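For reference, the chains in residue letters:
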Amino acid sequence: QVQLVDSGGGLVQAGGSLRLSCAAPETTFSKNTMGWYRQAPGKQREFVARITTGGITNYADSVKARFTISRDNAKNTMYLQMDSLKPEDTAVYYCSVQAAWAASVSLYWGRGTQVTVTS
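Residues numbered from 1 in each chain as written. Predicted model: local features only at pLDDT ≥ 70, side-chain atom pairs only at ≥ 80, totals over all residues. Heavy atoms only, no water.

Chemist: With reference to specific residues and values, describe the state of the cysteines.
Modeler: Per the stated rule, a full pass over the model turns up one disulfide. Shown here is the disulfide that connects C22 with C95, its sulfur atoms set 1.8 Å apart. On the S-S bond that ties C22 to C95, the torsion sits near -60 degrees, and the link is left-handed. With C22 in strand β3 (residues 18-23) and C95 in strand β9 (residues 91-99), the pair connects residues that are 73 residues apart, well separated along the chain. (Disulfide = S-S within 2.5 Å. Helix = DSSP H or I, 4+ residues; strand = E, 2+ residues; numbered from the N terminus.)

Chemist: So what about the pattern of salt bridges? Which residues, and what values?
Modeler: Summed over the entire model, instances satisfying the criterion amount to three salt bridges. Put simply, R38 and E46 hold a salt bridge, and the shortest N to O gap is 2.8 Å. Under the relative-accessibility criterion, R38 is labelled buried at 6%. Relative accessible area serves as the criterion here: at 37%, E46 is assigned to the partly exposed category. One salt bridge connects R66 with D89, and the closest N-O pair in it is separated by 2.7 Å. With a gap of 23 residues between them, R66 in the loop between β6 (57-59) and β7 (67-72) and D89 in the loop between β8 (77-82) and β9 connect regions that are remote in the sequence. D89 matches R66 in its accessibility class, with the two residues each being buried. One salt-bridge network, held together by shared partners, links R38, E46, R66 and D89. (Salt bridge = Lys/Arg side-chain N within 4 Å of Asp/Glu carboxyl O. Buried < 20%, exposed > 50% of the residue type's maximum accessible area, 1.4 Å probe, protein only.)

Chemist: Now, about the side chain of N76: what can you tell me, with residues and values included?
Modeler: Within the secondary structure, N76 is located in the loop between β7 and β8. For N76, the residues in contact, after removing those within four places along its chain, are C22, A23, A24, E26 and F29. (Contact = heavy atoms within 4.5 Å.)

Chemist: Got a sec to walk through the sheet that holds β7? Specific residues and values, please.
Modeler: Judged by pairing direction, the sheet is antiparallel, and its four strands sit side by side in the order β1-β3-β8-β7 without closing on themselves. The open sheet is flanked by β1 (5-7) and β7, the only strands paired with a single partner. Each strand axis lies, on average, 15 degrees off the axis of its neighbour in the sheet, ignoring direction. (Pairing = 2+ DSSP bridges. Axes fitted to C-alpha atoms, helices over the stretch in contact; angles between N-to-C directions.)

What follows is the structure in structure tokens.
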């Protein structure tokens, strides 16, 4: 029903940067907290960051000092600026729409975009 388009992944050396984007329908984007999750081979999908409609953010401890989540409500687009990337950041990154009643619950997912960080 709700289609999310996530993009911006790629191949980068350690210490480099990437910016991920996620476009969502206006009716969803304007009313819900949005987030990013990632999943590496052999690991469970894990929380990365989320942002409310008012711009309040939350980050996993592993990325707090290096990643910045933001949203442009006029464009119905969310971003994840990733700086000082490490090989352990390598994963498929997924855009998500969070439940209004529980910020940690994901309702919809993007298709995912691959981020690969080399040494």
